[in-house]
Amino acid sequence: MSEQASTLSRPTATKRVPVLRLAGIERHYKEGAGRLNILSGANLSVYPGELVALVAPSGAGKSTLLHVAGLLEKPDAGDVFIDEKPLGELNDANRTIIRRLQIGFVYQFHHLLPEFSALENVMMPQLIRGLSKAEAAKRAAELLSYMRLGERKDHRPSELSGGEQQRVAIARAVANAPRILLADEPTGNLDPTTAHYVFDALAALVRASGLAALIVTHNMDLAERMDRRITLNAGKIVEF
Amino acid sequence: MSMVAHSPPSAGPARRLVDGRRLIIGIVLLLTAIVIIAPVGVILIQAGSQGFGAFLGSLSTSDTRAAIGLSLVTALIVVPINTLFGIAAAWAIAKFRFPGRKLLLAIVELPFSVSPIVAGIAYLFVYGGQGLLGPFLDAHDLKIMFALPGIVLASMFVTAPFVARELIPLMTLQGNDDEEVAATLGAHGRQIFFRVTLPNIRWGLLYGIVLCNARVLGEFGAVSIVSGSIRGETNTLPLQIELLYHDYNTAGAFAAASVLTLVALVTLVVKLILEARIGEGH
């Protein structure tokens, strides 16, 4: 995988047109009679083929930021842009379509469907999108081969190792060829060696596909291998 | 070597523990026999004591048939409504954080702590002839008290928490992860509910429905106030049993009671099956 990654250039990273842009995002929750400010004017741009590490302590608002970026939550103020198109005015149905086609998610836990094989799990978002079974199976097989799981595609999640499960989850996240990849501690459940192996696979995929990746991690080794590192300070995004 | 050294040191406490356990199990079995099995057995024995023909004859009198029919109609209306209410309330309480959430939870559980008689009287004060809305209902020729709508309303109140109370802990335990993943894979709200949430709660939901149904069929207190107990018209099955008993029609009362008892026994079996399914799910 690292060999593959090293041969892949970052052709669009220099264009400086962000795939994902968060502008002045504010998010607060009611807490008793008061108000808890989670995000207070968060700004961020993520470019094609770029890996951005989000490192922040628990409770700083990382998950909220990912939810807003992933259109799972609406901000109280500010807007999310994909390819410089504002998404704030979209209704729920259109947000669902954007999520389905433009955004891939990877979680700390793989959340693969236990009754289905690795191949079928990667086919699932494509079938939801409306592709035929043959088309979905072809792309799923390609992705699993790219993730070096070609031999394991017919195995169920319970028959795969933790690292393999997470690589299937990454393949599933990019099955619909999204523009953005959002990951919440994608290697958090893995031992250090496996974590590095899974990260290599993810990084290679991001760079090869020109995805814009925002990755929450507590692993500073991995964070330092990404293009930029950001954190949340009093609800604002700062680089470090 | 002394005598103490020869006696096994742990035999005494262990023996006492076994004896204590046997005593407790014996007391529980005795109480179960006296309080639950004996009355249920008497109902079934008395119902069948004069033969199956007499049993069927008692059940097929017009008043008892009407009471069974009214109870079934009430259940057919109340159970689906309270199922929808229970799912909606549990969904809101378990999956979302919003101002007034705890108040909503308390309101959902209110019928558990209010005597059914009190609920019946409250409905009488609102919808009765002399009640708050009485003049308005009279003016528009709408009859709620001493008719099916009143019986349905009272039954709905009493059984409102049954489905919700089963689902709230289950849905809270399950969290939002599955729904969130479905959303990130591009599923829309309806797909998420029918393909993810509903399959996850199906056994708990059925459990709540079975309990709700049994309670609607067996409800007495609130319904006795709002129905007016009109023979052959607004008597539900429990009210009919009381009426037959007061008429010294013991065979008829036991035959009608046996129907409710059989419902309870079927409910018990279904409940046990569903509990095993829910256990497997966890």
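None of the values given here were measured: they were computed from a predicted structure.

(A) The arrangement of the packing of aromatic side chains in detail. All chains considered together, the criterion is met by seven aromatic pairs over all chains. A connected cluster of aromatic rings, assembled from ring pairs, spans W91, F96, F193 and F194 of chain B.

(B) Representation of the confidence of the model for chain B within the structure. Residue and element names in this part refer to chain B. Chain-level pLDDT for chain B is 87 on average; 95% of the residues reach the 70-or-more range. Ranking the elements of chain B by mean pLDDT puts helix α1 (residues 3–6) last with 49 and helix α8 (residues 148–159) first with 95. Scoring of the predicted complex yields 0.73 for pTM and 0.70 for ipTM.

(C) A nonpolar patch on the surface, seen in detail. All names here are of chain B. Together, L23, I27, L30, L31, I34, V35, I36 and I37 give the surface a local cluster of nonpolar side chains, amounting to about 810 Å² of exposed area. Mapped onto the fold, I36 is located in helix α2 (residues 11–48). Judged by its relative accessible area of 49%, I36 is partly exposed.

(D) Spotlight on the pattern of salt bridges. Residues and elements named next belong to chain A. Counted according to the given criterion, the structure contains 15 salt bridges over all chains. Residue R27 is joined to D76 by a salt bridge in which the shortest nitrogen-to-oxygen separation is 3.2 Å. Here R27 is found in strand β1 (residues 20–31), whereas its partner D76 is found in the loop between α2 (62–69) and β4 (77–82), with 49 residues between them in sequence. Accessibility expressed as a relative area gives 14% for R27, which makes it buried. With a shortest N-O distance of 3.0 Å, E239 and R228 are connected by a salt bridge. With a gap of eleven residues between them, E239 in strand β10 (residues 236–239) and R228 in strand β9 (residues 228–233) connect regions that are remote in the sequence.

(E) How the structure looks around the packing of helix α4 (residues 62–95) of chain B against α8 of chain B. All names here are of chain B. Running from N to C, α4 and α8 point in directions that differ by 50°, and their axes come no closer than 9 Å. On the basis of their axis angle, the class for α4 and α8 is oblique. Of the two elements, α4 crosses α8, and the hand of that crossing is right-handed. Where α4 approaches α8, its residues L70, V73, T74, I77, V78, I81 and N82 are matched on the opposing element by L148, I151, V152, S155, M156 and T159.

(F) Local environment of the sheet that holds strand β5 (residues 85–86) of chain A. Residue and element names in this part refer to chain A. Ordered in space as β2-β1-β4-β5, the four strands form an open sheet in which the pairing is antiparallel. A single partner strand is all that each edge strand has here, and the edge strands are β2 (34–46) and β5. Examined bridge by bridge, β4 and β5 share two bridges and lie antiparallel to one another. Among the inter-strand pairings, I82 is bridged to a residue of β5, identified as K85. Packing of α2 onto the sheet brings it into contact with β1, β2 and β4, and relative to β1 it is tilted by some 125°.

(G) A look at the UniProt feature "domain: ABC transmembrane type-1" (unreviewed entry) in chain B. Per the UniProt record, "domain: ABC transmembrane type-1" (unreviewed entry) is found at residues 68–274 of chain B. Between the end C-alpha atoms of residues 68–274 of chain B the distance is 26 Å, and the span holds 80% helix and 0% strand.

(H) Quick peek at the UniProt feature "transmembrane region" (unreviewed entry) in chain B. Residue and element names in this part refer to chain B. As recorded in UniProt, the feature "transmembrane region" (unreviewed entry) lies at residues 23–47, 67–91, 103–126, 146–164, 205–230 and 250–274. End C-alpha atoms of residues 67–91 are separated by 35 Å, and the span's content is 100% helix alongside 0% strand. Secondary structure content for residues 146–164 is 84% helix and 0% strand, and the end C-alpha separation is 28 Å.

(I) Quick peek at the interface of chain B and chain A. On the side of chain A, 13 residues touch chain B, which itself brings twelve residues to the contact. Across the interface of chain B and chain A, roughly 1,100 Å² is buried in total on both sides, 63% from carbon and sulfur atoms. Connecting chain B to chain A are zero salt bridges. Connecting chain B to chain A are four residue pairs in polar contact (both at pLDDT 80 or more). Counting residues per element, the side of chain B that touches chain A draws most heavily on helix α10 (residues 177–184) of chain B, which supplies six residues. Grouping the amino acids of the side of chain B that touches chain A by side-chain chemistry returns five nonpolar, four polar and three charged.

Reading guide: rules and limits
- Residues numbered from 1 in each chain as written.
- Chains lettered and ligands numbered in written order.
- Predicted model: local features only at pLDDT ≥ 70, side-chain atom pairs only at ≥ 80, totals over all residues.
- Heavy atoms only, no water.
- Phe/Tyr/Trp six-rings, centres within 6.5 Å; stacked < 30°, edge-to-face > 60°.
- pLDDT = per-residue confidence, 0-100.
- Helix = DSSP H or I, 4+ residues; strand = E, 2+ residues; numbered from the N terminus.
- Patch = residues over 30% accessible without salt bridge, like charges linked within 9 Å, V, L, I, M, F, W, Y side chains within 5 Å.
- Areas by Shrake-Rupley, 256 points an atom, 1.4 Å probe, with all protein chains shown as cover.
- Salt bridge = Lys/Arg side-chain N within 4 Å of Asp/Glu carboxyl O.
- Buried < 20%, exposed > 50% of the residue type's maximum accessible area, 1.4 Å probe, protein only.
- Axes fitted to C-alpha atoms, helices over the stretch in contact; angles between N-to-C directions.
- Parallel < 35°, antiparallel > 145°, perpendicular 65-115°, else oblique.
- Left-handed = near helix turned anticlockwise from the far one by under 90°.
- Contact = heavy atoms within 4.5 Å.
- Pairing = 2+ DSSP bridges.
- UniProt positions renumbered as here; feature names shortened; annotations may be inferred.
- Buried area = accessible area lost by both parts, 1.4 Å probe.
- Polar contact = N/O pair within 3.5 Å; in protein donor to acceptor, adjacent residues only side chain to side chain.
- Nonpolar A, V, L, I, M, F, W, Y, C, P; charged D, E, K, R; others polar.

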